[in-house]
Every structure is written in C-alpha cells, then in structure tokens.
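Now for the letters of each chain:
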Amino acid sequence: MPFTLSRRALCSGLAASALSTAPAFAEDFPTRPITMIVPFTAGGAGDILARVLSQRLEPIWGKGFVVENRPGAGGVIGAVATAKAPADGYTLMIAPSSTMAVNVSLYKTLPYNPATDFIPLAIPARTTFILVVNNNLPVKSVSELIAYAKAQKEPLAYATAGPGVPHHLFAELFKSMTGINMQQVPYKGSLPALQDVIAGHVPLMFVDLGPGATQIKAGQVRPLGVSTAQRLKELPDVPAINETLPGFDVASWQMISAPAGTPRAIVEKLHRDIATIMRDPALQEQIDKTGMSPVPSPSLDDLQAYVKSEIARWTDVVRKAGIEGTM
Amino acid sequence: MMDVLSNISLGLGVAATFQNLLYCLIGTFLGTVVGVLPGIGPVTTVAMLMPISFTLEPVSALIMMAGIYYGAQYGGSTTAILINIPGEASSVVTSLDGHQMARQGRAGPALGMAALGSFFAGTVATFVIAFGAPPLAKLALQFGPAEYFSLMLCGLVAAIVLARGSIIKAIAMVVVGLIFGLAGSDVNSGIRRFTFGVQGLADGIEFVALSMAIYGVAEVIVNLEKKDGAAGIAGSIGKVLPSWADIKLCIPSVLRGTALGSVLGVLPGGGALLASFSAYTLEKKVASEPRRFGQGDIRGVAAPESANNAGAQTSFIPMLTLGIPSNPTMALMIGALMVHGITPGPRVMTDRPELFWGVVASMWLGNLMLVVLNLPMVGLWVRLLRMPYRMMFPAIIGFCCIGTYTINSNVTDIAVMAAITLFGYLCLKLDCEPAPLILGYVLGPMMEENLRRALLISRGDPTIFVSAPISLGFLIAAAALLLIVAAPAIRQRREEVMVE
C-alpha cells in the first residue's frame, strides 16, 4: 500500500532520512522522549510488557519513555496510528501476533499492511497456551479428549477470549489436525472464559499461561497439554500436545516495531539496545513471572522473515476455520 | 470466628505500618482527585503508576492501587452531585437526586451524606469480605451465562420501574439504550454492526461520550435556555453537613443499600452498577412519599452511594479469591501483582495471608481516610457552585470534551458526543428520563452476550434459562416486578373508567 502514509509522515520521513546521512544522528538518538503505542487498553500482556521494558530502556536512553494506549477495533486503530506516525524512531508499537500476523487474513479490509508498514525490532516475549478441561470431564489426556469428542453426538463447546484471538485459532488448528468437531463460545477476555471452564459451564479451552498457571496449580482445572513443542518449566508434568499430535507447535507473541521508512541507523540502534536489555537475567525473570516467556532477540532480517512466515501460517489456519474475511 | 479475628489482626498489623498507611493515603488521595477530575479515571492512574509499583512491596502496591480504585468512587459522586456529570456508570443514579439537591442549595448535605453512607458501607463490606469471601466466591462461580442473562433481564425491568413519569416513555428509552448498545463489533463473530464503516465506532459507542452528552452538555443547553442566568443552581451554599434529621431519615436507606451492594458487588461484570440502580429502585418502592425521588430526596443519594461503595469493595472478592477481575482497574492490579510473582487466585488466601488480609484491613483504614479527607473538602467543592453559570458552562463543556477524548484518544468519540447531545436535548425537551437509556445501553450488550453464549452452550435449547434454579429465580423476580408496574396502571385505568 504505497500511498497510505500521510503527507506529514512522508515529509518527516524524508527529513529524517536526510538527517540520517549525518553519522552523528544515530549516536545522538534519542534527543526527546520515545512513545510506545499499545493498541489495546491498559492491563493487557503487551501493556504490562511495555511498562516493564520502559523501566529498563529509560536509563539507557536517558529520555522519557511514554506508554500510550490507543485501543480500539481489535488493535487496528493503534496500528494505523503507528503506521502513519513520523518514521523517526520516536514512535514505536508493541503489538501481538493478532495485529501483526492474523488480522490480515481475518479482516475483510485492514487499513494497514503488517508486512510492509512496519519494521520489526524485537519479539520480547511469547505466550504459551495450555489446553485445559473442567475437572469433571472424563478425560485425562489429549488422546482421551480426542476419543471422547469423537464419541459425542453434539460438538464439544470450547471457550475463547473472543473471535479471532489465539484461544480461538489454536482450538481451530487443533480441530483441523484431529478431525474432531467443536463449537466456539466466545467471551470478552481470557479470565471470564476460564471462570466458566472452572465452574463447568463450558468443558474446555486453550488458556494463556498467565491466568491459567495459578488455576492449574490450585487444581481448579485439569491441564491436558501445552501448545508449544517443548514442555514448560513452570509445569513440567504437563505434556506438550505435540507429543500426541506431532506438528502442533503454536504460541502468541508480542512484537516491537517501528513505522516503515525509519532510518536504518536508528532501527539498528533500537534493535541493539532492546537486545541488550533482553539479555539481562533479571528482566527475563520479571517477564517470566507475568506468564510470558522472554525471547532472545533475532536479527533484523530474521524478524522480517518471521512476520512473513507467521502471516502465511495463520492465513492457512483462518482459511481452514472458514473465518477468512469475516471481520 | 476466632480465625477471622486473628486474620483481621494480622491484616491490621500489615496495613497499619507507617509505610503502608502512607501508600494507602497516597492511593485514596489520588483516587479522590482523579474521581473529581473528569477525563482521568482510575484505570489511567493505575496504569501510569504501574512501573512505580514494581519497586514497592506487593502488599504496598496493592494497597495503593486499591485506594485509587475506591477513592475514585468517592470522588466520582462529587461531580455527579455538583455539575451533574457522572464519571462512572455507577454514579448515574446519584446525580438524579444529588444534583437536584445541589440546585436547591443543599449540595453540602448531599456530599456529606454520600461520604458518610459510603464510609458505613465500606466498613460493612470490609467485614463481608473478611467473613464471607470463600463462600461468596463459590456463589459467583454458580453464575453462568444463563444466570447472568436472567439477572440482567431483571435489572432492565427494574430500570423501567425506576423511571418516574410515563412508563411508555421509560420503555422507549430502554429500547433506544439497547439500540445504542448494539453498535460495534459482534461478540460472536466480530462482524461490525451499525458502524457505517467508521473505524472509531468499531468498539461501539463509548459510555463516557454517551453519559457526558446526555448529562453534561445537553443539560447545559437546557440551562442556557432559562433566562434567569443562574440556571437553577442555588446561590446559597446551605449547610455544609447533613443535619441529624437527614441522617436519621437515611439510616434505613444506607442499610438497605449496603446489603444490596455487598451481595451484587460479588458478581464479576456490572455488579456495582446494578447495585446502585437497584438500591435506588428499592428506596423508591419502600418510601412513603416516592414522589419526592428525583426532586432532591437525600435518600436517593444515600442508598445508591452506599450500594456502589459496598459493591466496589466486595468486587475485590472474585479478584482476590478467584483471580477474576470485575473491571479494567482490577485487571491492571492483577497484572501488577503478577510482575511480583503473585497471581491472584484461590491460593492467595492460604499462600500469602498477609497480602490478602493486609489489603482487606487497608480498605477499612482507607475508607476512614476518605471521610477525613472529604468532609472538610465539602465546603470547598460547594463554593465552586457560587461561580456564575456563564463561567461554569464553558468549563463543563471543556471538561466533557477532554474527558471523552482521553478515554481512547479517539476524536470520533467527541463527534459521537456531539451527535448524542442533540438527541439528549430532544429527550429532555420531551420529558424523557435518560436513566433507563443508560441502563439499557450498559446492560443490553451484556444481556445479548450472555443470551447467545447460553444458547451456544445449550445447542439452541431455550429451556436452559428455566432449568437452572438461580436463573429461574431471577426470571420470576422480573415477572413479579413487571406485575408491580402493571398493577397500578391497571388500577388507574379502572379508576378512570369508574370516574366516567
């Protein structure tokens, strides 16, 4: 989408690239506070992550670090605001896989292009999901669940945090890989959905580790498997779904990106600085505690390739689930 | 019993340390300030303070954040009474009688009664949490989609009962509220409804835009029409504190409000809001002169204020015992606790008793601080009303615009507010009460969500609503309420027939 950038953004982009010919520019950067747009309301995973990171980045950059919540339309409003912001490195965004890789196939029209409107800088964390069932459901493993679901006349209901979110897509992927029939029951958020699984109103769901871990440890719900190929160190007894269903390896992730057109020198500096703080074990532990897993920073080119491969992968899942272009 | 007492003393030991008292004071003070200032709410404040909370002890952090949350409930009623701008849905009812009192020069007693009623409710609710948290948390788990739907239905019927004047108009306003609530993304499919392609409407009509339009801006327009300039706000301040007669009149209302609020607050999602609405309805039903409600009856301030404060407090029960936040502010608190490695949930009470009981005890101390902070401030707030109206109204409109914009940093919301203002003005001119509209708007989407969720779970079988006992109970209550509304109308018609 070549002409979606506003004229103002284009001008400042040109101005910035003109300035970037001076080698001192990236050295001086930043000379004023940096804004990190969170395209969701305060309190979500990305928001908490942004605030945790801001504590580390402020001392390095010696400038303020402002977390700005621009919620609305499932992250679209914040993403558009970032894409249209001046490409000078002073406006960044932290957004989840839905914004960066899923919405592009899910939405009929998306007013931004995740592959070309942003330069990915880091994936500070990803979130593993756990397949949990109500304690009274007579299944103890993934294979038992598959057999149980196949024996039912009616499709099994599963709870999600809303249509099109990872909870939904992971379950749809599970459905298509096992051939069982399940019916989505959407909630507004992970916790209300989990509450109804605990109470037995809905038999199962894919829940993100943060809210899920405590309830699992307290024995309120029964975990059947984790969504990633490796087991989690927090829940060593919970097998990976992969062990029963080879090839099942999914997680949602949070990505920091800058608007396309940001000068290369600044992009490299931002990438380097974020990679530096991400190596700090204390920060990794802090991220661990929020129910996310810290990710070591890949190179800039690998990040770009990763976004493209994730878009391709989720387009396929969205298509198989029959929800392409429905939002 | 002994257990609870020893737990409370453990909690007081934690909450009454110098450091935690200080954080409690900071929290309640900040809460009051952001509650009074339109445009910045408890969510924003807690979010901004989050990085600071990482460096605090988890107990201190939670004490401060909780203080901001219930402090804002206090502050919110101040603007509702003084300038008729309810910052939160739960203070909509407070503005009905509270603002009328302010116009009659009784802003002082209204504010004073709100503070005293809230303090009493807060004290009782603290004990409710201390004694009843585990069983009440189990009750909240019993509420599935079917139960929520029937509860909401009951609430909507109550909204019609609540309205003064014509029942037909009240029903019409509820329906308009439901239609407003339909705009936005469909919860099951994400398909946009009534957004006309506008991105800013994808999440529906913003509550703050709606309430500021109807209560703030439309009200200003109506006031400006009046030639007498002062536009109905009394020049005299009146007594600053409620008289003993006022207090005596309000004692039963406060008790009923507290009881309702303590129970309904436990339900995640909309509990505190339902509490204030139903407390008001209940008062109107039991009062000997219900006509005075809506015209500045102090009981119409005392009951909902007690109910929403009790509800705000007991809404900590699902958060602390189940890890389920009732609102965005609490979701943030959970986030902050998680960074400290504590996930609120069933194990917090046994694993971290000092955290649970410390926070519970701090709530009572915080409520005490709020009374001490707020009673002397009443005089100051009331003096604001002396400002000439020609200076007040630009300020009110300014605050409404700022307040609406800052919620989502979305210009569309201001345009929505302007459009709804025209509609609100029309309603005021036609003598249609806006309160049922607000309740329809808030409850409608939740009702729809839960209705569709319940039917998805039951595979389309509607008997799910009557086969669940709690749900059936609410449906019967709704039917009974409808009969109460219908009965006087039938009687009246009979009387008219008799006259002829």
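These numbers come from a predicted model, not from an experiment. (Residues numbered from 1 in each chain as written. Chains lettered and ligands numbered in written order. Predicted model: local features only at pLDDT ≥ 70, side-chain atom pairs only at ≥ 80, totals over all residues. Heavy atoms only, no water.)

Here we take up the pairing of strand 7 (residues 182-186) of chain A. Residue and element names in this part refer to chain A. Most of strand 7 sits inside the fold, with four of its five residues counted as buried. Where strand 6 (residues 156-160) and strand 7 come together, five bridges link them in parallel fashion. Pairing of Y158 across the sheet is with Q184, part of strand 7. A crossover connection joins strand 6 to the parallel strand 7 through helix 7 (residues 166-178); in handedness this β-α-β unit is right-handed. (Buried < 20%, exposed > 50% of the residue type's maximum accessible area, 1.4 Å probe, protein only. Helix = DSSP H or I, 4+ residues; strand = E, 2+ residues; numbered from the N terminus. Pairing = 2+ DSSP bridges. Right-handed = clockwise from strand over helix to strand, strands pointing away.)

By definition, the strands of a sheet pair up through backbone hydrogen bonds, in either a parallel or an antiparallel sense. Residue and element names in this part refer to chain A. Taking strand neighbours across the sheet as the criterion, the six strands line up as 2-1-3-10-4-11 in an open arrangement whose pairing is mixed. At either margin of the open sheet sits one strand with a lone partner, and together these are strand 2 (65-69) and strand 11 (293-294). Summarising the sheet, strand 4 (residues 118-127) and strand 11 pair through two bridges and their orientation is antiparallel. Each bridged residue has a counterpart across the sheet, and for A125 the counterpart in strand 11 is P294. In this fold helix 3 (residues 45-61) packs onto strand 1 (34-38), strand 2, strand 3 (91-96), strand 4 and strand 10 (252-259), with an angle of close to 165° to the strand it touches most, strand 2. Of the strands in this sheet, strand 4 and strand 10 touch helix 13 (residues 300-320), which is tilted by about 75° from strand 4. (Contact = heavy atoms within 4.5 Å. Axes fitted to C-alpha atoms, helices over the stretch in contact; angles between N-to-C directions.)

As a further point, take the nonpolar core. Soluble globular proteins tend to bury their nonpolar side chains together. Counting residues in hydrophobic clusters, the biggest one holds 112 residues, and the most contacted among them are L121 of chain A together with F316 and M319 of chain B. If you tally residues by element for this core, the top one is helix 4 (residues 58-83) of chain B, at eleven residues. Viewed by domain, this core spans two of them, domain 1 (7-127 + 253-320) and domain 2 (129-244) of chain A, each represented by three or more residues. Excluding its chain neighbours within four sequence positions, the residues that come into contact with F316 of chain B are A66, Y69, M330, M333 and M363 of chain B. Membership of the second largest hydrophobic core comes to 68 residues, among which are F277, Y280, L437 and M446 of chain B. (Core = buried A, V, L, I, M, F, W, Y, C linked by side-chain atoms within 4.5 Å. Domains from an automatic or database assignment.)

Residue and element names in this part refer to chain A. Taking strand neighbours across the sheet as the criterion, the five strands line up as 7-6-8-5-9 in an open arrangement whose pairing is mixed. Because the sheet does not close on itself, it has two edges, and the strands there are strand 7 and strand 9 (221-226). Strand-to-strand, the axes of this sheet are offset by a mean angle of 30°, without reference to chain direction. Against the sheet, helix 7 engages strand 5 (129-134), strand 6, strand 7 and strand 8 (204-208), with an angle of about 130° to strand 8. Together, strand 5, strand 6, strand 8 and strand 9 form the strand contacts of helix 8 (residues 190-199), whose direction differs from that of strand 8 by roughly 140°.

These figures come from the coordinates and say nothing about function on their own.
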